Amino acid sequence: MLLAGSTNRVTAPDAANTLWSPITVEYNCDSTSAEPFYEDAPISQWLLRRNVFDANASTLAKALTLTQVSKQDDYDVVEFRVPIRYDVLKTNFWSIDLGVINKDGDFALCDLYDSERATNGDCLLSWNTGYDSPGKYKLRARLTCDGPKMQWNDMTIIGPALKFNSTNDLQFFESSSVFISNSVPLVAKLIEPVANFKIEITTDEGKHLKTITGTTTNGWINLEWNLVEDDGKTFGGDSLNTTFDVTYPDKTGTNMPVKTNARFP
């Protein structure tokens, strides 16, 4: 469990001390406790010295505050910005993550997200909500500083919560987004038990390969495509796109295509 604020100070190895343990610093910006120290300074000051965030952010909480910058699009992707300098993270092999605090008090990652450089140099987090269940979230950014430039010590800081309501009508799973043997799993969890569906399978360039239609009454689509295209040929590529078009007879306004990728491991 992540404590609100904790630190473990351990001296580096020397001739009289052959055993050494890395220093671990964990901090949650919700904490009312004082920031822990790392080396010779509070962690916010230590990070400022290394230009991890701008002095205008002033506090760790502000530096790790998520701002939603796009709506959930037709493919269930939504973007957030956090005022942490992307180039500094990449130079030091550090990371910024997107997740929530779960019921056990631990930080749990969102299933499918990516970090890239925003136009202003901040971190832009893109989350494909289609790989997590729909519903209300309290999203948080987590900054992790570790690796060789930290002498294998590590610092983890969790930012404040941002409320977000995910409205995806399907939930996909990364484990079912790869080729297995001579087939491709087509698996999705639906928000209603009864649904009609059409799955369009294309190449990355958009060439049509296969159309699969059907119905379900248990709230799941759970099929496998044997790689045989509509024209009888066997698909020999190493990646493809699948677009799910699902209609719920008992629910209006839910005929939204959702796109997911399937690739060889």
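Predicted model, so just to flag it, every value in this text is computed and none were measured.

Asker: Go over the sheet that holds strand S18 (residues 220-225), please, and point to the residues and values.
Answerer: Strand order in the open sheet formed by 3 strands is S14-S15-S18, with antiparallel pairing between adjacent strands. At either end of the open sheet lies a strand with only one pairing partner, and these are strand S14 (170-171) and S18. One ladder, built from 2 bridges, connects S14 with strand S15 (residues 184-190); its direction is antiparallel. Its bridge partner lying in S15, Gln 171 is registered against Lys 189.

Asker: Give a detailed account of the environment of Leu 143, specifying residues and quantitative values.
Answerer: Mapped onto the elements of the fold, Leu 143 is located in strand S11 (residues 135-145). A sequence separation of 46 residues divides Leu 143 from Asp 97, and the C-alpha atoms of the two residues are 6.6 Å apart.

Asker: Go over unusual backbone geometry with me, naming the residues and quoting the values.
Answerer: Phi at Glu 39 takes a positive value of approximately 55°, unusual for a residue other than glycine. If you trace the backbone, Glu 39 turns up in the loop between strand S3 (37-38) and strand S4 (41-42). Unlike most non-glycine residues, Phe 93 shows phi in positive territory, near 60°. By secondary structure assignment, the location of Phe 93 is in the loop between helix H3 (86-92) and strand S7 (95-101).

Asker: Any details on the side chain of Gln 171? Residues and values, ideally.
Answerer: Note on placement: Gln 171 falls in strand S14. Overall, the relative accessible area of 13% leaves Gln 171 in the buried class. Those residues within four positions of Gln 171 in sequence are excluded, and the remaining contacts are Gly 130, Tyr 131, Asp 132, Ser 133, Ala 188 and Lys 189.

Asker: Describe the pairing of strand S10 (residues 122-128), naming the residues involved and giving the relevant values.
Answerer: The side chains of a regular strand alternate, residue by residue, between the two faces of the sheet. S10 sits mainly inside the fold: 7 of its 7 residues count as buried. Taken together, the 7 bridges between strand S6 (residues 77-85) and S10 define a ladder with antiparallel strand orientation. Bridge pairing in S10 links Val 78 to Trp 127. As judged from the 5 bridges shared by strand S9 (residues 113-117) and S10, these two strands associate in the antiparallel manner. In the sheet register, Arg 117 faces S10, and the bridge partner there is Cys 123. Once S9 ends, the chain turns through 4 residues before running back antiparallel as S10, passing Gly 121 with a positive phi of about 95°.

Asker: Provide a residue-level description of the nonpolar core, including the pertinent values.
Answerer: Counting residues in each nonpolar core, the largest one holds 39 residues, and the members touching the most others are Leu 47, Ile 84, Ile 96, Leu 139, Met 155 and Ile 157. Excluding anything up to four places from it in sequence, Ile 84 contacts Val 52, Phe 53, Ala 63, Leu 64, Leu 89, Ile 96, Gly 121, Asp 122 and Cys 123. Membership of the second largest hydrophobic core comes to 22 residues, among which are Leu 186, Phe 197, Leu 227 and Tyr 248.

Asker: An account of the packing of aromatic side chains is requested, with residue identities and associated values reported.
Answerer: Going through the model one piece at a time under the given rule, you end up with 9 aromatic pairs. Put simply, the rings of Phe 80, Trp 127, Tyr 137 and Phe 164 pair up and form one aromatic cluster.

Definitions and cut-offs
Residues numbered from 1 in each chain as written. Predicted model: local features only at pLDDT ≥ 70, side-chain atom pairs only at ≥ 80, totals over all residues. Heavy atoms only, no water. Pairing = 2+ DSSP bridges. Helix = DSSP H or I, 4+ residues; strand = E, 2+ residues; numbered from the N terminus. Buried < 20%, exposed > 50% of the residue type's maximum accessible area, 1.4 Å probe, protein only. Contact = heavy atoms within 4.5 Å. Core = buried A, V, L, I, M, F, W, Y, C linked by side-chain atoms within 4.5 Å. Phe/Tyr/Trp six-rings, centres within 6.5 Å; stacked < 30°, edge-to-face > 60°.

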